[in-house]
Amino acid sequence: SQLPMQVLGRCCAALFLALAGASQAAQPAAGKLDRTVLPIQEPKRPVYKEVDARKAKVPARFEVKAPAGAPNVVIILIDDIGFGAPSTFGGPISMPALDQLAQNGLRYNNFHTTAVCSPTRAALKAGRNHHTMNMSFITEMATGFPGATGQVPSGAAPLAEMLRLNGYSTAAFGKWHETASWEISVSGPFDRWPTRQGFDKFYGFFGGETNQWAPLVYDGVSLVEIPSDPKYHFMTDMTDKAVAWIKHQKAMTPDKPAYVYFAPGATHAPHHVPKEWIARWKGKFDQGWDKLREETLARQIKMGVVPAGTKLAPKPSAIKDWDKLSADEKRLFTRQAEVFAAYAEYTDHEIGRMLK
């Protein structure tokens, strides 16, 4: 059963959710499973009166399998990317992998956002209000008050755990910003680490950001020693790990659906991008941000992302008109835009590699 792919845009981050059909073997017994309570209960153990083991009948092995036709689920979360940045929503940054997802599915242009990192992720991964998840703000700014402790409550089952207990393989790659900093050590507690939040596999980093050239990375609950390769970059590394996991999971259990959560550090700071990607954007923002905003809005109206007649919102007073900036200011800000665009395009490239 092929389900539509969906693309969602948000002002703090762009979220891309793809549902791809996965053929499942017929499971007559699975239809009888009570999936209303998790974990799914095993059938009552049989009682044997036969004393001759040669005549006793072995019961069928109990195994929880996903319902027939259950889809693979892939959630891609891009951090701190503006609604008007990717080409998918009319922006100036070429992101062909995300464009293709959108062309095969749906674009959303109006949905709730919690505007910052930890609350967004916690709400997304459990389908609950961020205060219910104790994430009123980022974990590093948690307090002792209810709804703001930075500790996901045990009663809020994550989507990953629901799928895992229904017969899915589950894996998370990249940024994880829902574990309180005082719980990240060899002593844990590990209840709010990814591998106790429903994921069989985790390869990524904790906290709001990390050095993409020399990140602090965990594989499960073990700290990883990053290779001393001058060309190393975390996003390529996490993509390699995701590709390997997907290939192995489908090779070993081709009929078992998978849930992959793919969350690069991009485009959050630090904007660490290979030089060759930055070079591709040289001079492409020399027109300045005032002209860029007009061009982006025109594309969005043409695409139907925003209604015809939509007017540009006023700029914050702290943002000068482009033509009033000094030459040095223009050189600085165009360079920043080029690096950001390169980071987004590089991210899209790695997303495409993972999806392929």
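Reading the values: rules and limits
- Residues numbered from 1 in each chain as written.
- Predicted model: local features only at pLDDT ≥ 70, side-chain atom pairs only at ≥ 80, totals over all residues.
- Heavy atoms only, no water.
- Helix = DSSP H or I, 4+ residues; strand = E, 2+ residues; numbered from the N terminus.
- pLDDT = per-residue confidence, 0-100.
- Contact = heavy atoms within 4.5 Å.
- Phe/Tyr/Trp six-rings, centres within 6.5 Å; stacked < 30°, edge-to-face > 60°.
- Buried < 20%, exposed > 50% of the residue type's maximum accessible area, 1.4 Å probe, protein only.
- Lys NZ or Arg CZ within 6 Å of the ring centre and 35° of its normal.
- Core = buried A, V, L, I, M, F, W, Y, C linked by side-chain atoms within 4.5 Å.
- 1 Å grid on protein atoms, 1.4 Å probe; cavity = no way out; pocket = protein on both sides within 12 Å on 5 of 7 lines; lining within 4 Å.
- Points joined across faces, edges and corners; volume = space filled by probe spheres on them.
- Nonpolar A, V, L, I, M, F, W, Y, C, P; charged D, E, K, R; others polar.
- Axes fitted to C-alpha atoms, helices over the stretch in contact; angles between N-to-C directions.
- Parallel < 35°, antiparallel > 145°, perpendicular 65-115°, else oblique.
- Left-handed = near helix turned anticlockwise from the far one by under 90°.
- Salt bridge = Lys/Arg side-chain N within 4 Å of Asp/Glu carboxyl O.
- Polar contact = N/O pair within 3.5 Å; in protein donor to acceptor, adjacent residues only side chain to side chain.

Here the bond from Gly-188 into Pro-189 is cis, since omega is 5°, no more than 30 degrees from zero. Structurally, Pro-189 can be placed in the loop between strand 5 (169–176) and strand 6 (201–206). Between Ala-269 and Pro-270 the backbone carries a cis peptide bond, its omega angle lying at -5°. Of note, Pro-270 is situated in the loop between strand 9 (258–263) and helix 5 (275–279). A positive phi is found at Asn-134, a non-glycine position, where the angle reads about 65°. Residue placement: Asn-134 occurs in the loop between helix 2 (117–126) and helix 3 (159–164).

With that out of the way, let us pick up the confidence of the model for the chain. This prediction gives the chain a mean pLDDT of 90; 91% of its residues lie at or above 70. Every residue in residues 1–31 is under pLDDT 50, and counting partners more than four places away or in other chains gives 110 contacts.

This model, assessed by the stated rule, comprises 17 aromatic pairs. Considering the side-chain rings of Phe-206 and Tyr-218, the 5.3 Å spacing of their centres and the 80° angle between planes classify their relative orientation as edge-to-face. Taken together, the residues Phe-206 in strand 6 and Tyr-218 in strand 7 (residues 218–219) connect sequence positions 12 residues apart. Judged on exposure class, the residue Phe-206 and its partner Tyr-218 are both buried. One aromatic cluster is present, formed by Trp-176, Phe-190, Trp-193, Phe-199, Phe-202, Phe-206, Tyr-218, Tyr-259 and Tyr-261 through successive ring pairs. Above the face of the Trp-176 ring, Lys-125 is positioned so that its terminal group lies 3.4 Å from the ring centre. The ring of Trp-281 has Lys-284 sitting right over it, with the charged end atom 5.0 Å from the ring centre.

In terms of nonpolar packing, the biggest core is built from 39 residues, with Ile-76, Ile-93, Phe-173, Phe-262 and Val-273 touching the most fellow members. Secondary-structure elements contributing two or more residues to this core are strand 3 (72–78), helix 1 (96–103), strand 5, strand 6, helix 4 (234–252), strand 9, helix 5 and helix 7 (327–355). The biggest single contributor to this core is helix 7, with nine residues. Residues Ala-172, Trp-193, Phe-199 and Ala-263 belong to the second largest nonpolar core, which totals 19 residues.

What follows concerns the layout of surface pockets. A probe matching the size of a water molecule, rolled over the atoms, marks out where space remains unfilled. Roughly 760 Å³ of volume is contained in the largest pocket. Along its surface, the largest pocket is lined by 29 residues, and Gly-84, Trp-289, Leu-292, Arg-293 and Thr-296 are the ones closest to its centre. For the lining of the largest pocket, the elements supplying multiple residues, two or more each, are helix 6 (289–303) and helix 7. Within the lining of the largest pocket, the residues separate by chemical class into 18 nonpolar, eight polar and three charged.

Before going further, it helps to examine the packing of helix 4 against helix 7. Remark: helix 4 packs on helix 7, axes separated minimally by 9 Å, with the N-to-C direction vectors making an angle of 15°. The angle between helix 4 and helix 7 places the two elements in the roughly parallel class. Crossing geometry of helix 4 relative to helix 7 is assigned as right-handed. Contacts between helix 4 and helix 7 involve Met-235, Thr-236, Thr-239, Asp-240, Ala-242, Val-243 and Ile-246 from the former and Tyr-343, Tyr-346, Thr-347, Glu-350, Arg-353 and Met-354 from the latter. Residue composition of the contact of helix 4 with helix 7, grouped by class: seven nonpolar, three polar and three charged.

Opposite charge on two side chains permits them to pair, given that their charged atoms come into close proximity. Inspection of every chain in the model, using the stated rule, returns 17 salt bridges. Notably, a salt bridge pairs Glu-183 with Arg-192, separated by 2.8 Å at the nearest N-O pair. Like Arg-192, Glu-183 is buried. Here Arg-280 ties to Glu-345 by a salt bridge, and the two come within 3.0 Å at their closest N and O atoms. With Arg-280 in the loop between helix 5 and helix 6 and Glu-345 in helix 7, the pair connects residues that are 65 residues apart, well separated along the chain. The exposure class of Glu-345 is buried, given its relative accessible area of 10%. Shared partners join several salt bridges into a network, and the residues in it are Asp-290, Lys-315, Asp-321 and Lys-324.

So, on to the side chain of His-233. Take His-233: it is sitting in the loop between strand 8 (222–223) and helix 4. There is a polar contact of 3.1 Å between the side chain of His-233 and the backbone nitrogen of Met-235. In this structure His-233 touches Gln-212, Trp-213, His-272, Val-273, Pro-274, Tyr-343 and Tyr-346, once residues within four positions along its chain are discounted.

Within the secondary structure, Phe-285 is located in the loop between helix 5 and helix 6. When the C-alpha positions of Phe-285 and Ala-337 are compared, they lie 6.9 Å apart, and in sequence the two are 52 residues distant. The contact partners of Phe-285, leaving out residues within four places of it in the chain, are Pro-92, Leu-292, Thr-334, Ala-337, Glu-338 and Ala-341.

Right, let's get into empty space enclosed by the protein. By the definition in use, this model includes two cavities of 30 Å³ or more. By volume, the largest cavity is sized at about 120 Å³. Lining the largest cavity are 15 residues, with Lys-125, Pro-158, Trp-176, Glu-178 and Gln-197 positioned closest to its centre. Going through the elements one at a time, helix 2 and helix 3 are the ones with two or more residues in the lining of the largest cavity.

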